[in-house]
Amino acid sequence: MDLDVVNMFVIAGGTLAIPILAFVASFLLWPSALIRIYYWYWRRALGMQVRYVRHEDYQFCYSFRGRPGNKPSILMLHGFSAHKDMWLSVVKFLPKNLHLVCVDMPGHEGTTRSSLDDLSIDGQVKRIHQFVECLKLNKKPFHLIGTSMGGHVAGVYAAYYPSDVCSLSLVCPAGLQYSTDNQFVQRLKELQESAAVEKIPLIPSTPEEMSEMLQLCSYVRFRVPQQILQGLVDVRIPHNNFYRKLFLEIVSEKSRYSLHQNMDKIKVPTQIIWGKQDQVLDVSGADMLAKSIANCRVELLENCGHSVVMERPRKTAKLIVDFLASVHNTDNDKKLD
């Protein structure tokens, strides 16, 4: 995150004095606006275009690069309370000849948020299938990637719609049933029992809580400026009630272990990527999946927490490209370090 801030100042560098002053003022006074500009800039720099598509009265927002070709298209599902732009750090290291699609999950960012929507894992899987059919993405089987909650949805999607998917990458997915709870899950259960939904660690309301969440999700201890922490909180606060509703739904009895209950139905070649120091979802989940999915490859990353996509984007991209090459016998014309 601190490197991202440096990048923003480099972008501003070399310009005239007035724009620089305006940039500094924005950083100090309107950090949330600066964060939005940052994502806009990187989407533009990486060639990702934003589009909308409708299924009846429901709108999906997504970004894409490239067109369908001989190689499988790639659909990327983000995690809880994130958005399609969280994948930009990985997109940066993916070959430009791949067709990439990053969608805002139900209720997130530009995708419709409705009080009537089914936010369970099954409900989200059905919505993503509607999105896939709107884009005709399943005209040819595609590669599906999901992280955390998005990994939960991706795994269940592959079990429910096997003909849509040719291969699967799950990055520290939720939805598994462990024999013992880690410290984070124990804390969540205590909060549920006490009905203290205002204190869910993944839904920060102050810069201090945001800093704690970043430390929980990342092995790398980022030094994030106070203004950026405030900006991140400002962007999230209007959505926190929705995030609480969603969180309680996905940890409910109906949804909590959906991936676990369906993992033996996954028949496509599957890649599991997990940070060894994940404090949110224990890395032992990778072994559970490997034992239940016949054609499964596990990649464990040292010195990496739950936010694999943010902490190790280059490595994540390389693992995905190498996996696709081995599974689909494609030649990669871009070497990743």
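Here the structure is a predicted model, which is why all the values come from computation and not from measurement.

Trainee: For this particular structure, what's the right way to read the overall build of the chain?
Mentor: Across its full length, the chain holds 14 helices and 8 strands. The buried share of the chain, taken over its 337 residues, is 52%. Considering only residue pairs separated by 6 or more positions, the chain has 73% of its internal contacts joining residues 24 or more positions apart.

Trainee: Please explain the sheet that holds strand S2 (residues 58-65) as it appears in this structure.
Mentor: As a general point, the strands of a sheet are linked pairwise by backbone hydrogen bonds and lie either parallel or antiparallel. Ordered in space as S1-S2-S4-S3-S5-S6-S7-S8, the 8 strands form an open sheet in which the pairing is mixed. Only two strands of the sheet have a single partner each, and these edge strands are strand S1 (49-55) and strand S8 (296-301). The average undirected angle you get between the axes of adjacent strands in this sheet is 20°. Bridge count for S2 against strand S4 (residues 100-103) is 4 bridges, and the pairing is antiparallel. If you follow Tyr 62 over to S4, its bridge partner there is Val 103.

Trainee: Help me understand the side chain of Asn 240 in this model?
Mentor: Structurally, Asn 240 is set in helix H10 (residues 240-250). Judged by its relative accessible area of 3%, Asn 240 is buried. Discounting residues that sit within four places of it in the chain, Asn 240 has contacts with Ile 203, Pro 204 and Ser 205.

Trainee: So what exactly am I meant to see when it comes to the pairing of S8 here?
Mentor: Bridge analysis of strand S7 (residues 270-275) against S8 gives 6 bridges, and the strand direction is parallel. The residue bridging Trp 274 from the neighbouring strand is Leu 300, located in S8. This β-α-β element, S7 to helix H12 (residues 285-292) to S8, shows right-handed connectivity.

Trainee: Looking at this model, I keep getting lost on the packing of helix H8 (residues 207-217) against helix H9 (residues 226-236). Mind explaining?
Mentor: Between two packed helices, the angle of one axis relative to the other and the distance separating the axes together describe the packing. It is at 9 Å that the axes of H8 and H9 come closest, and there the two elements cross at 95°. Here H9 runs roughly perpendicular to H8, going by the angle between their axes. On the side of H8, the interface is formed by Pro 207, Glu 208, Met 210, Ser 211, Met 213 and Leu 214, while H9 contributes Gln 226, Leu 229, Gln 230, Leu 232, Val 233 and Arg 236.

Trainee: Sorry if this is basic, but what is going on with the environment of Asn 295 here?
Mentor: Within the secondary structure, Asn 295 sits in the loop between H12 and S8. According to the relative accessible area criterion, Asn 295 is partly exposed, its value standing at 46%. Sequence spacing of Asn 295 and Gln 271 is 24 residues, and the spatial spacing of their C-alpha atoms is 8.6 Å. Leaving out residues up to four positions away in the same chain, Asn 295 has contacts with Val 268, Pro 269 and Thr 270.

Trainee: Even after reading the chapter, I still don't get the side chain of Gln 271, so can you show me in this structure?
Mentor: Note that Gln 271 resides in strand S7. If sequence neighbours within four positions are ignored, Gln 271 has contacts with Leu 168, Ser 169, Leu 170, Arg 297, Glu 299, Leu 319, Ile 320 and Phe 323.

Trainee: Explanation requested: the layout of surface pockets in the structure shown.
Mentor: A water-sized probe rolled over the atoms picks out the places where empty space is left. In this model, the second largest pocket occupies a volume close to 270 Å³. Taken together, 17 residues make up the lining of the second largest pocket; nearest its centre are Pro 68, Ser 73, His 99, Leu 135 and Leu 137.

Trainee: Sorry, what's going on with the pattern of salt bridges here?
Mentor: Opposite charge on two side chains permits them to pair, given that their charged atoms come into close proximity. Under the counting rule described, the total for this entry stands at 8 salt bridges. Of the charged contacts, one joins Lys 189 and Asp 181 as a salt bridge, the two residues approaching to 2.6 Å between their closest N and O atoms. Accessibility expressed as a relative area gives 29% for Lys 189, which makes it partly exposed. For Asp 181, a relative accessible area of 29% corresponds to the partly exposed category. Its salt-bridge partner being Asp 287, residue Lys 291 comes within 3.1 Å of it at the nearest N-O pair. Placement of the pair is Lys 291 and Asp 287 together in helix H12, with a separation of 4 residues, close to one helical turn.

Trainee: What am I meant to see in the environment of Ile 121 here?
Mentor: For Ile 121, the position within the fold is in helix H5 (residues 121-135). Among the residues examined, Ile 121 registers a relative accessible area of 0% and is labelled buried. When the C-alpha positions of Ile 121 and Val 153 are compared, they lie 6.0 Å apart, and in sequence the two are 32 residues distant. With residues up to four places along the chain from it excluded, the contact list for Ile 121 reads His 152, Val 153, Val 156, Ile 250, Ser 255 and Ser 258.

Rules used in this analysis
Residues numbered from 1 in each chain as written. Predicted model: local features only at pLDDT ≥ 70, side-chain atom pairs only at ≥ 80, totals over all residues. Heavy atoms only, no water. Helix = DSSP H or I, 4+ residues; strand = E, 2+ residues; numbered from the N terminus. Buried < 20%, exposed > 50% of the residue type's maximum accessible area, 1.4 Å probe, protein only. Contact = heavy atoms within 4.5 Å. Pairing = 2+ DSSP bridges. Axes fitted to C-alpha atoms, helices over the stretch in contact; angles between N-to-C directions. Right-handed = clockwise from strand over helix to strand, strands pointing away. Parallel < 35°, antiparallel > 145°, perpendicular 65-115°, else oblique. 1 Å grid on protein atoms, 1.4 Å probe; cavity = no way out; pocket = protein on both sides within 12 Å on 5 of 7 lines; lining within 4 Å. Points joined across faces, edges and corners; volume = space filled by probe spheres on them. Salt bridge = Lys/Arg side-chain N within 4 Å of Asp/Glu carboxyl O.

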